[in-house]
Amino acid sequence: MKICNSKQQQPAAILFLSLVCLVVATAIAADQPATKEIQRGFSAKHDDSYSQFQSLLSDPTGVFALGFLRIDSNLLDLAVIHIPSSFPLWRAMPANPAPWTGSISLSFDGNLVLSDQKKGTVFWSTASDGTGDRVVLLNSSNLQIQKTGTPDSIPWQSFDFPSNTIVENQNFTSHAKLLSTNQQFSMSLGANYFGLYIEFGKGSKSSIYLKHTALEAKAQIVLDGGPIYARIGSDGFLGMYQKEGPPADVLSFDTFNRNYDVFYRMTMEDDANLRAYYWNNTAWILDYTAITEPCSLPTTCGSYSICRSQEQPQCICLDNGTNGCLPAGNGDFCGASGVKSIVNGDGFGVLTRQGVDLANKDFINYTKMASLEECHSTCEKNCTCWGAIYSNTTRNCYMMDYPIEMLVEGDDSKFGYFKLKAAVDEDGDGNDKKKSEEDKLKVALLVVGCGILTAAAGFGAYQIWERRRRGRRGGSMEEGLAPGPYKDLAASSFKSIELSDSFRKP
């Protein structure tokens, strides 16, 4: 660098510039990988003196690197990063992350293995057939295990196992899934579409909130003609294909057909949105956003709340609460986590509300039913049903076999029915999450008009569920669901509710 060689500066300036050059050179040296090929017998230990990223392998151009990436200040993941931006394009994302400190190492003996050899703990492995001889990082950012002498033999490659991002010219197949780093949202392919889903934890059913179906203008998707795949094209679009040739669908970005010579990526982000970007040699520039309506995003208002579309979306708790929307214990209607099944006679609370609808109703199944009572009764008798929405005009009954999400304000012909469950005393101390029998929720919350709030005030001693201010966090259904951010929870003009001492049992 010319500035570092200048001899015309004042002594203080020279010292300062020398220190700057030393820091820059040290940082660059720290980012330089040890090798451009990993062979059998390779093993590298994690060095926790690196602040954010310890590089182990580079692609031929020096734009991408594989190494140990620091996550959430004290955890470690194996990642392929885009060096100019430090953005991780691929991560191993083990179910149980490794600590940043400790005797963590990456080894290769046919499979890449991230482990703590001292403790004998394996955090992640490629789990291929073990026949590979070397590991290389291509200039596309694709990490490959290759078999020497057979160029087409690739026992494993990162492009087949994306984490939250796909890049230009990477085939995204029906066997893959993009999973946000908080592991709450995903993207995957169907027979002729891609969908975005809320993930509720291992073993739980996911819920779709966006579905993009192929237009099939230039190519048809043939039934039983094989699975589809998606790929970002260099002209700035996401194409869906069943075979090579013209795409069955073209989802254009802002730069579509503008002949930009850039590098594209598409990422499933932690706010539940899917976005595409291009690198302009300085920064990632937003090029496509899947969802532009805030109330169509599950993160805008969170669980057990209603999103009202306005210039700034308004979030309203189902129970008109103002300090978080219902407790973490809701759900478990089939006897999980130590809560008795309602089928066996355990009581549960019910909340019904008029003027509520589902933002994702166009993507989920419904059943025609003769009445509101039939819809609610069907959900009540089904221990996997968390709630239901009924329309008096269409007679459609939408039953939710997943935690209550994606609620929006509807007209007066829409009625919602939602089950409530007291939180489980997980720590066994009998305190915060476990109330006495007389304080447990055994109430029916009925829509009766604004005037009933006066009657509700008569139960002043009654305390509504323990509230949580924290945002939506990851976790299983047993751990509970936390509300998202709330902008205005008073909603005094919205439909009122009544608290009573009645409760339902099947």
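Conventions we followed
Residues numbered from 1 in each chain as written. Predicted model: local features only at pLDDT ≥ 70, side-chain atom pairs only at ≥ 80, totals over all residues. Heavy atoms only, no water. Pairing = 2+ DSSP bridges. Helix = DSSP H or I, 4+ residues; strand = E, 2+ residues; numbered from the N terminus. Axes fitted to C-alpha atoms, helices over the stretch in contact; angles between N-to-C directions. Salt bridge = Lys/Arg side-chain N within 4 Å of Asp/Glu carboxyl O. Buried < 20%, exposed > 50% of the residue type's maximum accessible area, 1.4 Å probe, protein only. Disulfide = S-S within 2.5 Å. pLDDT = per-residue confidence, 0-100. Contact = heavy atoms within 4.5 Å. Phe/Tyr/Trp six-rings, centres within 6.5 Å; stacked < 30°, edge-to-face > 60°.

Student: I'd love a proper account of the sheet that holds strand E14 (residues 165-167), names of residues and values included.
Tutor: Ordered in space as E14-E23-E24-E25, the 4 strands form an open sheet in which the pairing is antiparallel. Looking along the sheet, the strands with just one partner apiece sit at the ends: E14 and strand E25 (284-289). The average angle at which neighbouring strand axes cross in this sheet is 25°, direction not considered. Where strand E24 (residues 274-279) meets E25, 5 bridges bridge the pair, whose relative direction is antiparallel. Looking at the pairing, Tyr-277 lines up with Leu-286 of E25.

Student: Report on the pattern of salt bridges, specifying residues and quantitative values.
Tutor: All chains considered together, the criterion is met by 13 salt bridges. Between Asp-133 and Arg-40 there is a salt bridge; the shortest N-O distance is 3.9 Å. Of the two residues, Asp-133 is situated in the loop between strand E10 (121-125) and strand E11 (134-137) and Arg-40 in the loop between strand E1 (38-39) and strand E2 (42-45); the sequence distance between them amounts to 93 residues. Given a relative accessible area of 26%, Asp-133 falls into the partly exposed group.

Student: Any details on the sheet that holds strand E15 (residues 172-173)? Residues and values, ideally.
Tutor: Pairing is antiparallel in the open sheet, where 4 strands are placed in the order E15-E20-E21-E22. Looking at which strands have only one partner, the edges of the open sheet turn out to be E15 and strand E22 (249-252). As paired elements, strand E21 (residues 237-241) and E22 share 4 bridges and run antiparallel to each other. Looking at the pairing, Phe-237 lines up with Ser-252 of E22.

Student: Break down the state of the cysteines for me, with residues and values.
Tutor: Scanning the entire structure with this criterion turns up 4 disulfides. A sulfur-sulfur distance of 1.9 Å marks the disulfide that ties Cys-295 to Cys-307. Where Cys-295 bonds to Cys-307 through sulfur, the torsion about that S-S bond is close to -70°, and the disulfide is left-handed. On the criterion of sequence distance, the pair formed by Cys-295 in the loop between E25 and strand E26 (305-308) and Cys-307 in strand E26 is long-range, its members being 12 residues apart. Neither Cys-295 nor Cys-307 differs from the other in exposure class; each is buried. Note on cysteine connectivity: Cys-379 is disulfide-linked to Cys-385, with sulfurs 2.0 Å apart. Sign of the S-S torsion, about -95° for the bond between Cys-379 and Cys-385, identifies this disulfide as left-handed. One exposure class covers both Cys-379 and Cys-385, and it is buried.

Student: Outline the confidence of the model for the chain, supporting the account with residue identities and numerical values.
Tutor: Per-residue confidence for the chain averages 77 on the pLDDT scale, and 71% of its residues sit at or above 70. Note on residues 1-33: pLDDT is under 50 here. Beyond four places in sequence and across chains, it has 11 contacts. Predicted confidence for residues 423-506 stays below pLDDT 50, and this span has 182 contacts to residues more than four positions away or in other chains.

Student: An account of unusual backbone geometry is requested, with residue identities and associated values reported.
Tutor: Here Met-93, not a glycine, exhibits a phi torsion of approximately 50°, which is positive. With respect to the helices and strands, Met-93 occurs in the loop between strand E6 (87-91) and strand E7 (98-99). In the Ramachandran plot, Gln-183 falls in the positive-phi region, its phi being about 60° despite a non-glycine side chain. In this fold, Gln-183 is placed in the loop between strand E16 (178-179) and strand E17 (185-189). Given a relative accessible area of 40%, Gln-183 falls into the partly exposed group.

Student: Provide a residue-level description of the packing of aromatic side chains, including the pertinent values.
Tutor: Using the criterion set out here, one finds 17 aromatic pairs in the structure. Aromatic side chains Phe-64 and Phe-263 sit 5.7 Å apart centroid to centroid with 55° between the ring planes, which places their arrangement in the tilted category. Of this pair, Phe-64 sits in strand E4 (residues 64-71) while Phe-263 sits in strand E23 (residues 263-268), placing them 199 residues apart in sequence. No difference in accessibility class separates Phe-64 from Phe-263, as the two residues are buried. On the basis of an interplanar angle of 50° and a centroid distance of 6.2 Å, the ring pair of Phe-263 and Trp-284 is categorised as tilted. Taken as a pair, Phe-263 in strand E23 and Trp-284 in strand E25 lie far apart in primary sequence, 21 residues in all. Accessibility assignment for this pair places Phe-263 and Trp-284 in one class, buried. Among the aromatic residues, those joined into a ring-pair cluster are Phe-64, Phe-87, Phe-263, Trp-279 and Trp-284.

Student: Residue-level account of the environment of Ile-83, with values.
Tutor: Tracing the backbone through its elements, the reader meets Ile-83 in the loop between strand E5 (75-82) and E6. Placed 19 residues apart in sequence, Ile-83 and Phe-64 show a C-alpha to C-alpha distance of 5.5 Å. Residue contacts for Ile-83: discarding those within four places in its chain leaves Gly-62, Val-63, Phe-64 and Ala-65.

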